[in-house]
Amino acid sequence: MAGKERASLGFGDELDDIDPSSWAKPKPRDSKPAPEVTRRVAEATGFRSREPARVEQAPVTPRQQRRRRTGRTAQLNLKLKPETIEAFTRVADTNGWGLGEAFERAVVLLEQSGITER
């Protein structure tokens, strides 16, 4: 059976003349219209962009930075009235203290005044 040839499929030598490179798809064009042209066409057809409109905003005044390296490592979270927080920060700012230092001084004053017991 080593001498057997394959059966012919009936194509003959036609397969030798085929060039697979002719099957390649044409390359797409890389040219895009200019953004101005696109914008004009979109406006003419009534298209509304979803991008937010650029609005000039008033500059925001940054909050005063109160962080300092003090060696304090514990944290205390309190629920307070907004007016109490404003008064506390006003006292701290007036004296040039950080919030932790102002709290420590308040505790010392409370202990000295004898209000530590009920």
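Parameters at a glance
Residues numbered from 1 in each chain as written. Predicted model: local features only at pLDDT ≥ 70, side-chain atom pairs only at ≥ 80, totals over all residues. Heavy atoms only, no water. Salt bridge = Lys/Arg side-chain N within 4 Å of Asp/Glu carboxyl O. Helix = DSSP H or I, 4+ residues; strand = E, 2+ residues; numbered from the N terminus. Buried < 20%, exposed > 50% of the residue type's maximum accessible area, 1.4 Å probe, protein only. pLDDT = per-residue confidence, 0-100. Patch = residues over 30% accessible without salt bridge, like charges linked within 9 Å, V, L, I, M, F, W, Y side chains within 5 Å. Areas by Shrake-Rupley, 256 points an atom, 1.4 Å probe, with all protein chains shown as cover.

**Concerning the pattern of salt bridges**
- By the definition in use, this model includes two salt bridges.
- We note a salt bridge from Glu-104 to Arg-72, for which the minimum N-O separation is 2.8 Å. Residue Glu-104 is found in helix α3 (residues 99-113), and its partner Arg-72 is found in the loop between α1 (35-45) and α2 (82-95); the two are separated by 32 residues along the sequence.
- The class of Glu-104 is partly exposed, set by a relative accessible area of 39%.
- Taking the shortest distance from any N to any O, the salt bridge between Glu-101 and Arg-105 comes out at 3.2 Å. Placement of both Glu-101 and Arg-105 in helix α3 is noted, with a separation of four residues, approximately one turn of the helix.
- Judged by its relative accessible area of 38%, Arg-105 falls in the partly exposed class.

**Brief notes about the confidence of the model for the protein chain**
- The pLDDT averaged across the protein chain works out to 83; a share of 94% of its residues lies at or above 70.
- When mean pLDDT is compared element by element in the protein chain, α2 scores highest at 94, while α1 scores lowest at 89.

**Brief notes about the environment of Arg-6**
- Considering the arrangement of structural elements, one finds Arg-6 in the segment before α1.
- With 73 residues separating them in the primary sequence, Arg-6 and Lys-79 have C-alpha atoms 91 Å apart.

**Observations regarding a nonpolar patch on the surface**
- Together, Leu-76, Leu-78, Leu-80, Ile-85, Phe-88, Leu-99, Phe-103 and Val-107 give the surface a local cluster of nonpolar side chains, amounting to about 660 Å² of exposed area.
- Where the nonpolar patch is concerned, the elements lending two or more residues are α2 and α3.
- Considering each element in turn, the nonpolar patch owes the most residues, three residues, to α3.
- Assignment of secondary structure puts Phe-103 in helix α3.

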